[in-house]
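Topology and contacts: notes
Single-letter residue listing:
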Amino acid sequence: MDNDVTSAGPGSTPTGPRIDRRRLLTAAVATAGVAGVAAGAGASPAAAAGNPHPGLPKELGRSLASPGLATAAGFRWWWPHGAVDPAQIKLEVQQIAAAGFGAVEIADVTHSLRARRIEIPLDTQGWGTRAWVDGVKAALGEAGRRGVRVDITVGPSWPAAVPTVTPDDEGACSELVHGRATVEAGATYDAALPDPVVEPVEAATVRTLIGVQAARVVTPATARTEAVLDLASVVELTDQVVDDRLTWTAPAGSGPWELLAYWQRGSGQEPEAGPHTDPRCWVVDHFSPLGAQAVVDLWESTILDDELRRLLRQSGGYLFEDSLEIETEATLWTPRFLEEFAQRRGYDLRPYLACILEFHERYQFAFDPTTTIRVRDDVNQTISDLYRDHHLKPIQAFARTLDMGLRVQPYGLETDTVEHSAVVDVPETESLGFKNLDDYRVMAGGRDLGGRTVLSCEAACYNGGAYSTTWERALQTIHSIYAGGVNMAVLHGFAHATAPGVTWPGFAAFSPYYNGAIGFGEAWGPRTPLWQHMPGIAAHLARTQLVLQTGVPKYDIVFLRPKGWASTGIGAPWATNDGIPLGWTHSFATPALLDLPLATVRDGRLAPDGPAYKVMIVGPDQFRGNRLSIELSAARRVRQLAEAGLKVVLMGDWANLAEPVGIESDEVVAQIRAEMAAVAALPTTRTVGATANADVPGALAALGVTPDVTHERSTVMSVRRVLAEGGGVDLYYLANAKHAENRRLTPVTQDVWLTATRADAVPYRLDTWSGTLTPVAFHERSGNKVRVRVDLQPGESDVVVLAAPARSERPVSVVATTAEAVSGDERRIVVRSSTAGRHTVTLAGGATKATTIASVRAPLTLGTWDLEIEDWTPGHSATTTTRTIRRTRVEGLRPWSQIPGLEDVSGIGRYSVTIDLGQQWPTGTGALLELGAVEDTFKVSVNGQELPPCNPLVTTVDLGRRLRRGRNTIEVEVASTLLNRLRTVTPEVYGVATRQNYGLLGPVRLVPYVEQEVR
């Protein structure tokens, strides 16, 4: 039979607690305390009444058992401008909260509408119109009732833009364009100034002459290299210009001259996928206070009213800005750049303008290499400073007036993203654009030394991934970026249900993309079968993020780098290749961070109340040919920290070869080298080579620096967070992680040694899928180190807690066993085995205990299943889904696409099998259900009792003692993506995709086991 139901999902959900908004504006959690989370909707009375984990602080214990929404993951929430229905908006907030997600980010993203040439009346339904504001109010009001945080982009799409400026206004984004002409030696130029090589946009009607210069050409440009000019020959000609004409004779001699005219004008950049408003928006100047003020003025005059202000204070979280994608075919500029540059860098940029000119994102001219590099670095640093002072800080101050914070992706240019990550309330990364985990660690360094808590990520977005993203892939990505320092995932994304002219299954922001191809990013929501299993995944993410937002992170090493450029893939070669695989942890800092309040030294640790780095490694500038570059102020600060007891490793001969980052005098160069020579001479400093294969391990060993985590070489990565206020609780996040998205992983089973803060700490394992915290009997203690074993599938994560034993426990330390698992305490030790025979355990100290398991039932292969599938197809509208039930018997498991009649089905599959265990099934016998391959998410039930949520990365499920004598029914429910069905519904977009494998693929075995006490 067919069920014609809307894909919108449930219509209501129990009201959850209102989020504690004070967390948002301080550090999300106290940097040395427990994350402030409520018990949350759905918490059991027992969990709310007491502490289910007595070894932990009460609030943390309750929250791990029943995570609320305060540390839950969130969604980018894509809206088709203001073409939204407030009632549907409320419903979507309910759906998101009911699934266990705690944050949404309202963003206008309409690439798919442009691809289909669908127009929305922007004068009445564009961004910022009354219709849009009404939708925002509906979202905020419902979010306040459900405990969901609402973030809002500062403008439509990205970068920040407003409809109240034109490209000719100073508050709009501007560019420096140049005209050029070649003048042979001794020849005369007598003509109008050369026009800019980049044509203006139609709306940019004004240009202002900045200057005219000429310089002798030393080396002409090639297809790959810039033209080299003679700096000493640069001649200023601006005063000779009359009515935009110039008469000038080039000096006689060898080589031609380059005549350059510099013009300032509006770049006319529009936000991504515009227009979004009527009149249309233009990107504001991100390097001038006028640009930020234009944003604030628009909100104050057009968007905000008393009701919206009240709702924002109730449910608003952060104003948000996406990555800093300031684009021009010419040179990035701002009207007061020359004045700002002279004030901040101490010299006039005018003589050097030629070497910063760009055309189609390529530099056009250069002087000698050293001058060119230093001038460009000074320009980039000035842009970085202006972005910080004239954009980030003013927008953050405005957010404060609304009791909100600022969440930003502060990268996209050659700016100090590390510093900016310490400025904004929540810095954000992205898994689509970042090249490896060091890109995340770069930004985590700013967060940690800035005293912030949260590093967010626009997560689980893949090119061509629309309606085909599996949670196996998403979790491998998310668990890996958690190991890189991320602790809040904002999934990409949840799409508003509908928009004008869209087809089933509803509006999706990025698919189809501009060229009609499959877009990037998944459109999560009740429209997808996988949504049925979201609550279990959401609770897992919420618990994991709670762990990663609790206490303060601790690292072994901080790498000081002269530049904080992000999304480059450039990290620390030794750490990536050899340090991390053995357990070392590291982060990054730039000179600006060394002046922050946390950057002090106590007991040899940098930032002892924060990341507590054990050693600083000062390496070459990998962005500038491995030059040993450092500012004088930074060199002085490194010396101060080293003299205070911080251990330092210098990569290269800094005493003799150090040089400034920007243009400096010879006197300053000598001062820099003197400071670094003083650092090198300290007994707590070691110097190694400047190459990637330098003997960093030898230097660390000589300094007595050891990692907090050690293990045999593997892909296991770790994050350590210490909860000092909880009596010295150590929270270890461990993951079989991918350094880069294209890396392949294999399962890892190995011992890992963890450092404990407390002398009496014992290990507990937190099951982030069920919330249970179990003592780890199989462990060993050696001094302040505790050994545990991890068994991780590719991309899988684990959490180990080192805490004081609960008063009711008498912990045991089992250092060896012949059994498959061991549990218990000093009063009762239990082994588990799926094979009969004698099993022993060896305790710390050498004592041995044993037991004999008389018999265990043989494993049973389950090859024949009854399969019932909900086949999801379009209903009577773009937002309704018909679910047709199809039944078959499967003799030998295989993908749905290989079952006749089910080739293009997407939906929910329910596999059931009934087995007769007979009357001899021993009471108390447990069993593992080995499912083999499963695509994608799944649930398991035994005799009608649903098990706790299942980890899609681990397809062996412990059934416990749920099986009974006689007949037993096992059901496995598997959810799919929508891709296979969309291949037939919308073949012009999705028909090019290969069918995905769906379902329970097996092989499936039931493996009985016996648990028995040893004596």
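First things first, this report covers the structure right here in the doc.

Quick notes on the rules
- Residues numbered from 1 in each chain as written.
- Predicted model: local features only at pLDDT ≥ 70, side-chain atom pairs only at ≥ 80, totals over all residues.
- Heavy atoms only, no water.
- Helix = DSSP H or I, 4+ residues; strand = E, 2+ residues; numbered from the N terminus.
- Buried < 20%, exposed > 50% of the residue type's maximum accessible area, 1.4 Å probe, protein only.
- Contact = heavy atoms within 4.5 Å.
- Lys, Arg positive; Asp, Glu negative; His and termini not counted.
- Charge placed at Lys NZ, Arg CZ, Asp CG, Glu CD.
- Salt bridge = Lys/Arg side-chain N within 4 Å of Asp/Glu carboxyl O.
- Pairing = 2+ DSSP bridges.
- Axes fitted to C-alpha atoms, helices over the stretch in contact; angles between N-to-C directions.
- Polar contact = N/O pair within 3.5 Å; in protein donor to acceptor, adjacent residues only side chain to side chain.
- Expected span 1.5 Å × (residues − 1).
- Bend = angle between axes of the 7 residues up to and from the residue.
- Phe/Tyr/Trp six-rings, centres within 6.5 Å; stacked < 30°, edge-to-face > 60°.
- Lys NZ or Arg CZ within 6 Å of the ring centre and 35° of its normal.
- Parallel < 35°, antiparallel > 145°, perpendicular 65-115°, else oblique.
- Right-handed = clockwise from strand over helix to strand, strands pointing away.
- Left-handed = near helix turned anticlockwise from the far one by under 90°.
- Nonpolar A, V, L, I, M, F, W, Y, C, P; charged D, E, K, R; others polar.
- Disulfide = S-S within 2.5 Å.

1. Focus on the overall build of the protein chain
- Secondary structure assignment for the protein chain yields 22 helices and 56 strands.
- Along the three orthogonal principal directions, the C-alpha set of the protein chain runs to about 110 × 75 × 50 Å.
- Residue burial in the protein chain is summarised as follows: out of 1015 residues, 62% are buried.
- Across the protein chain, contacts joining residues at least 24 apart in sequence account for 78% of those joining residues at least 6 apart.
- Each charge sign in the protein chain was given a centre, from 95 positive and 115 negative side chains, and these centres are 9 Å apart.

2. Quick notes on the pattern of salt bridges
- A complete count under the given rule lists 68 salt bridges for this structure.
- The salt bridge partner of D389 is R388, with a shortest N-O separation of 2.7 Å.
- Assessed through its relative accessible area of 23%, D389 is described here as partly exposed.
- R388 sits in the buried class, given a relative accessible area of 14%.
- The salt bridge partner of E868 is R887, with a shortest N-O separation of 3.3 Å. Here the residue E868 occupies a position in strand β46 (residues 864-874), and R887 occupies one in strand β47 (residues 880-891), the gap between them amounting to 19 residues.
- Overall, the relative accessible area of 24% leaves E868 in the partly exposed class.

3. Section: unusual backbone geometry
- The step from W158 to P159 runs through a cis peptide bond, and the omega angle for that step is -10 degrees.
- With an omega of -5 degrees, the peptide bond between H492 and G493 qualifies as cis.
- One non-glycine residue, Y467, adopts positive backbone phi at about 65 degrees.
- Locating Y467 in the fold gives a position in the loop between β21 (456-459) and α14 (471-483).
- Taking the relative accessible area as the measure of exposure, Y467 reaches 2% and is therefore buried.

4. Digging into the sheet that holds strand β25 (residues 586-589)
- Strand order in the open sheet made by the five strands is β25-β24-β28-β29-β30, with parallel pairing throughout. Strands with a single pairing partner mark the edges of an open sheet, and in this sheet they are β25 and β30 (685-688). Averaged over all neighbouring strand pairs, the angle between strand axes comes to 25 degrees, with direction disregarded.
- Pairing analysis gives four bridges linking strand β24 (residues 557-560) to strand β28 (residues 615-618), with the strands arranged parallel. Bridge assignment links L560 to a residue of β28, and that residue is V618.
- Sitting on the sheet, helix α19 (residues 666-681) touches β29 (647-651) and β30, and the angle it makes with β29 is about 120 degrees.

5. Let's talk about the environment of N736
- Here N736 lies in strand β33 (residues 729-736).
- At 2.9 Å, the side chain of N736 and the backbone oxygen of T746 are in polar contact.
- Looking at N736, its side chain comes within polar contact range of the main-chain oxygen of L792, at 3.3 Å.

6. A look at the pairing of strand β32 (residues 716-723)
- With eight of eight residues buried, β32 is to be regarded as a mostly interior element.
- Alternating positions in β32 separate into two faces, V716, S718, R720 and V722 on one and M717, V719, R721 and L723 on the other, with burial throughout.
- Inspection of the sheet shows β32 paired to β33 by eight bridges, in the antiparallel sense. Residue pairing for β33: S718 is matched across the bridge by L734.
- Counted between consecutive antiparallel strands, the loop separating β32 from β33 contains five residues, among which G727 sits at a positive phi close to 85 degrees.

7. A short note on helix α11 (residues 369-401)
- For α11, built from 33 residues, the straight-helix expectation of 48 Å at 1.5 Å per residue is met to within 8% by its first-to-last C-alpha distance of 47 Å.
- At R388, α11 shows its strongest bend, of approximately 30 degrees.
- Looking one or two places after α11, you find D403, whose phi comes out positive at around 60 degrees.

8. Some details on the packing of aromatic side chains
- Under the counting rule described, the total for this entry stands at 29 aromatic pairs.
- Aromatic side chains F75 and F101 sit 4.5 Å apart centroid to centroid with 50 degrees between the ring planes, which places their arrangement in the tilted category. Placement of the pair is F75 in strand β2 (residues 74-79) and F101 in the loop between α4 (86-98) and β3 (103-108), with a sequence separation of 26 residues. Like F75, the residue F101 is buried in the burial classification.
- In textbook terms, an aromatic cluster arises when at least three aromatic residues are bridged by ring pairs, as seen for W78, F510, Y513, Y514 and F520.
- Note that R207 overlies the ring of W263, its terminal NZ or CZ placed 4.0 Å from the centroid.
- Above the ring of W565, the side-chain terminus of K563 is found at 5.8 Å from the ring centroid.

9. Let's talk about the environment of A65
- Mapped onto the elements, A65 comes out in helix α3 (residues 58-65).
- Distance from A65 to P369, taken between C-alpha atoms, is 60 Å for residues 304 residues apart in sequence.

10. Some points on the packing of α14 against helix α15 (residues 534-548)
- The interhelical angle for the contact between α14 and α15, taken along N-to-C directions, is 5 degrees, at an axis separation of 12 Å. Considering their axes alone, α14 and α15 lie roughly parallel with respect to each other. Here W471, L475, I478, H479 and Y482 of α14 lie close against α15, whose contacting residues are M534, I537, H540, L541, T544, Q545 and L548.

11. Let's talk about the environment of G493
- Position of G493 among the secondary structure elements: in strand β22 (residues 488-495).
- For G493, a relative accessible area of 0% gives the class buried.
- Taking C-alpha positions, G493 is 9.2 Å from A508, a pair spaced 15 residues apart along the chain.
- Contact partners of G493, with chain neighbours within four places excluded, come to F75, R76, W78, E522, A523 and W524.

12. Concerning the sheet that holds strand β31 (residues 709-711)
- A sheet is described by the order of its strands in space; here four strands give the open sequence β31-β34-β38-β37, paired in antiparallel fashion. Each of the sheet's edge strands pairs with one partner strand only, and the pair in question is β31 and β37 (780-782). Across the sheet, the mean angle from the axis of one strand to that of its neighbour is 30 degrees, orientation sign disregarded.
- In this structure, strand β34 (residues 748-755) lies alongside strand β38 (residues 785-792), joined through eight bridges in antiparallel fashion. If you follow T749 over to β38, its bridge partner there is D791.

13. Some details on the pairing of strand β19 (residues 405-408)
- Side chains G405 and R407 of β19 all project onto a buried face; the interleaved residues L406 and V408 project onto the opposite face, where all are buried too.
- The pairing of strand β14 (residues 316-321) with β19 spans four bridges and is classified as parallel. Residue pairing for β19: L319 is matched across the bridge by L406.
- Sheet analysis places β19 next to strand β20 (residues 426-430), joined by two bridges and oriented parallel. Along β20, the bridge assignment pairs R407 with V426.
- Crossover β19 to β20 through helix α12 (residues 417-423) is right-handed.

14. Some points on the packing of α4 against helix α7 (residues 130-146)
- Where α4 meets α7, the closest approach of the two axes is 8 Å, and the angle between their N-to-C directions is 35 degrees. Handedness of the α4/α7 crossing: right-handed. Contact with α4, carried on its side by P86, I89, K90, V93, Q94 and A97, involves D134, G135, A138, A139, E142, A143, R145 and R146 of α7 and no other residues of that element.
- Along the lines of polarity and charge, the residues of the contact of α4 with α7 split into seven nonpolar, two polar and five charged.

15. Details of the state of the cysteines
- Enumeration according to the criterion identifies zero disulfides in this entry.
- Summary of cysteine pairing: C457 is not part of a disulfide, and the nearest cysteine sulfur, belonging to C461, is at 9.9 Å.
- The exposure class assigned to C457 is buried, which follows from its relative accessible area of 0%.

16. Concerning the side chain of S174
- By the secondary structure assignment, S174 is in strand β6 (residues 174-183).
- Overall, S174 belongs to the buried group, its relative accessible area being 5%.
- Among the polar contacts made by the side chain of S174, one reaches the main-chain carbonyl oxygen of W333 at a distance of 3.1 Å.
- Once residues lying within four places of it in the same chain are set aside, the contact partners of S174 are R265, G266, S267, D285, W333, T334 and P335.

17. Quick word on the side chain of S629
- You can see S629 is positioned in the loop between β28 and α17 (632-643).
- Excluding residues within four positions of it along the chain, S629 makes contact with P562, D621, W654, E659, P660 and V661.

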